[in-house]
Amino acid sequence: MIIMKSEATKEEVASVVKEIKKYGLRADVSRGAYRTVIGLVGDESKIPFSRFEILPGVKEAFMVETPYKLISREYASTWEPEAENRVINVGDIRIGGEELVFIAGPCAVESREQLFRIAEGVKKAGGHILRGGIFKPRTSVHSFQGLGANGKEGAEEALHWLREAGDTFGMPVITEIRGESQVDLVSEYVDIIQIGARNMYDQDLITRVARKKKPILYKRHFGAGIEEFLSFTEYMVAEDNKDIILCERGILPLGKGKSYFRYTLDVAAVPAIKRETYLPVIVDPSHAAGRRDLVYDLSCASIAAGACGLIVEVHDNPVEALVDGQQQITPDEFEELVVACRGVHDAVKNRRNRD
Ligand code: PEP
Ligand code: MN
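All values derive from a computational prediction rather than experimental measurement.

## A short note on the overall build of the chain
- Helix and strand counts for the chain stand at 12 helices and 14 strands.
- Taken over the C-alpha trace, the chain has a radius of gyration of 21 Å; the compact-globule value for 355 residues is 20 Å, and the two agree within 12%.
- A principal-axis box enclosing the C-alpha atoms of the chain has dimensions of 70 × 45 × 45 Å.
- Relative to its full complement of 355 residues, the chain shows a buried share of 56%.
- When contacts within the chain are restricted to residue pairs at least 6 apart in sequence, those whose partners lie at least 24 apart make up 68%.
- With 47 positive and 54 negative side-chain charges, the chain shows a spacing of 2 Å between the two charge centroids.

## Here's the deal with the nonpolar core
- Counting residues in hydrophobic clusters, the biggest one holds 84 residues, and the most contacted among them are Tyr218, Phe334 and Leu337.
- Top contributing element to this core by residue count: helix H5 (residues 151-169), with 7 residues.
- Not counting residues within four places of it along the chain, the set of residues in contact with Phe334 comprises Phe102, Ala104, Val122, Ala125, Gly127, Val312, Val314 and Ile329.

## With respect to the sheet that holds strand S2 (residues 26-31)
- The strand order across the open sheet built from 4 strands is S2-S3-S1-S4, with neighbouring strands paired in antiparallel fashion. Of all strands in the sheet, those bounded by a partner on one side alone are S2 and strand S4 (58-61). Between one strand and the next, the sheet's axes are offset by a mean angle of 20°, whatever the strand orientation.
- By the bridge criterion, 6 bridges tie S2 to strand S3 (residues 36-41) in an arrangement that is antiparallel. Among the inter-strand pairings, Ala27 is bridged to a residue of S3, identified as Leu40.

## Points about the site of ligand 1
- Within the structure, ligand 1 sits among Arg131, Lys136, Pro137, Glu176, Gln194, Gly196, Ala197, Arg198, Lys219, Arg249 and His287.
- For ligand 1, an oxygen atom lies 2.9 Å from a polar atom in the side chain of Gln194.
- The side chain of Lys219 places a nitrogen or oxygen atom 2.9 Å from an oxygen atom of ligand 1.
- Split into classes, the residues belonging to the shell around ligand 1 amount to 2 nonpolar, 3 polar and 6 charged.

## Comments concerning the pattern of salt bridges
- Applying the stated criterion across every chain, the model contains 24 salt bridges.
- For Asp28, the salt bridge is made with Lys242, and the minimal N-O distance between the two is 3.5 Å. Of this pair, Asp28 sits in strand S2 while Lys242 sits in the loop between helix H8 (226-237) and strand S12 (244-248), and the two are 214 residues apart along the sequence. Of the two residues, Asp28 and Lys242, both sit in the buried class.
- The salt bridge involving Asp243 is made with Arg86; its shortest N-O contact spans 3.1 Å. Of this pair, Asp243 sits in the loop between H8 and S12 while Arg86 sits in the loop between helix H3 (73-76) and strand S5 (88-90), and the two are 157 residues apart along the sequence.
- A residue is classified by how much of its surface remains accessible, and Arg86, at 28% relative accessible area, is partly exposed.
- Salt bridges linked by common partners bring Glu180, Asp184, Arg208 and Lys212 together as one network.

## Structural notes on the coordination of the manganese ion (ligand 2)
- Cys107 (SG), His287 (NE2), Glu313 (OE) and Asp324 (OD) make up the full set of protein donors to the manganese ion (ligand 2), lying at 2.0 to 2.4 Å.
- Here the donor residues of the manganese ion (ligand 2) are spaced in sequence according to C-x179-H-x25-E-x10-D. In this pair, His287 sits in helix H10 (residues 285-289) while Glu313 sits in strand S14 (residues 309-313), placing the two residues 26 residues apart along the sequence.
- Under the relative-accessibility criterion, His287 is labelled buried at 9%.

## Points about the packing of helix H7 (residues 203-210) against H8
- The N-to-C vectors of H7 and H8 enclose an angle of 40°; their axes lie 8 Å apart at closest approach. Judged by the inter-axis angle, H7 sits oblique to H8. The handedness of the crossing between H7 and H8 is right-handed. Two secondary-structure elements touch here, H7 through Gln203, Ile206, Thr207 and Ala210 and H8 through Phe232, Tyr235 and Met236.
- The residue makeup of the contact of H7 with H8, split by class, is 5 nonpolar, 2 polar and no charged.

## Describing H5
- Taking 1.5 Å as the rise per residue, H5 with 19 residues should run 27 Å; its terminal C-alpha atoms sit 28 Å apart, in good agreement.
- Buried within H5 we find Gly154, Ala155, Ala158, Leu159, Trp161, Leu162, Ala165, Gly166 and Phe169. Looking straight down H5, one finds its buried side chains confined to an arc of 155°; they lie on one side. Exposed positions of H5 whose direction lies more than 90 degrees from the buried face are Lys152, Glu153 and Asp167.
- Elements that come into contact with the buried residues of H5 comprise helix H4 (112-125), strand S8 (129-131), strand S9 (173-177) and helix H6 (183-189).
- Taken from the residues just after H5, Gly170 is the one with a positive phi, measuring 70°.

Conventions and cut-offs
- Residues numbered from 1 in each chain as written.
- Chains lettered and ligands numbered in written order.
- Predicted model: local features only at pLDDT ≥ 70, side-chain atom pairs only at ≥ 80, totals over all residues.
- Heavy atoms only, no water.
- Helix = DSSP H or I, 4+ residues; strand = E, 2+ residues; numbered from the N terminus.
- Rg over C-alpha atoms; globule rule 2.2 N^0.38 Å.
- Buried < 20%, exposed > 50% of the residue type's maximum accessible area, 1.4 Å probe, protein only.
- Contact = heavy atoms within 4.5 Å.
- Lys, Arg positive; Asp, Glu negative; His and termini not counted.
- Charge placed at Lys NZ, Arg CZ, Asp CG, Glu CD.
- Core = buried A, V, L, I, M, F, W, Y, C linked by side-chain atoms within 4.5 Å.
- Pairing = 2+ DSSP bridges.
- Axes fitted to C-alpha atoms, helices over the stretch in contact; angles between N-to-C directions.
- Near = heavy atom within 4 Å.
- Polar contact = N/O pair within 3.5 Å; in protein donor to acceptor, adjacent residues only side chain to side chain.
- Nonpolar A, V, L, I, M, F, W, Y, C, P; charged D, E, K, R; others polar.
- Salt bridge = Lys/Arg side-chain N within 4 Å of Asp/Glu carboxyl O.
- Donors = N, O, S within 2.8 Å, 3.2 Å for Na, K, Ca; no water.
- Parallel < 35°, antiparallel > 145°, perpendicular 65-115°, else oblique.
- Left-handed = near helix turned anticlockwise from the far one by under 90°.
- Expected span 1.5 Å × (residues − 1).
- Arc of directions from axis to C-beta.

Here's what the structure looks like:
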């Protein structure tokens, strides 16, 4: 990390950046109210810090050992004494702001009619952003893979419906990208790109998605530690995309015998991640629970723990759903959940503001 003197000129900053590039590293320049700080992206051991310290305009130059510094609150406080939570604007929705944000919709887009019926219900219930899977990650090749499996035309048709449903009901839209070949196509249609839990570790995919410079909803892998999750997040921020929404969605349950839920929702991860980074944190109670009767409880717990929103699977006829029917809730149930979560948010808000 290179901390510039408060009176450093633009030319001095530019010449430090040029010098960094000579060593094969990239520079992440952050201009705070008082000073400019340059983060190094790449192998810092190549940098002769003592040489950098004597360049014009440089106050201090030193190595930062943490695996994630660009997203770290502590690092951000070097140039912004009161490191603020990052608010990601998507249309007129503010993710990470004062108000809770609810993302909802079906696990999978099944037909235009299905999507429009659910989108209308989600909007009426207080939803802000519409979700709908088109490329579904599935364990069995014999199950419904999403309409994206019907070739480019099938995928484009479903993406078009998603866009149309979002526009009709005034909601930005989000869908998951499962592989690199889908990046260009999907990013043309959606406002937020989802990277699913199974792909959290795919460095090539996540950096390629980050280069689209669109907001990303990034899910924690069900076996990933928090430090790992944040370290991989850094790959995307290193591509100069800080619009990353982190999503806790449950980790693998422990022990023998029946666990009574699909994944263990790591509620403690929410406040712990918020201590580490200024990026917004949301929760997916649906995939964690794997059963609809737990979704309400996990949602309330997540908001109490400080999540700034939720992504919830909603279907107008869960029993007939082609994927994840057992965990999808109806629009009416979703409305109840929204009301309850707002109540929980109001109750804990003042405490959270002091975090
Ligand atoms: C999803 O949100 O549709 C999904 C498959 O979730 P996850 O990646 O968390 O399993
Ligand atoms: Mn699902």
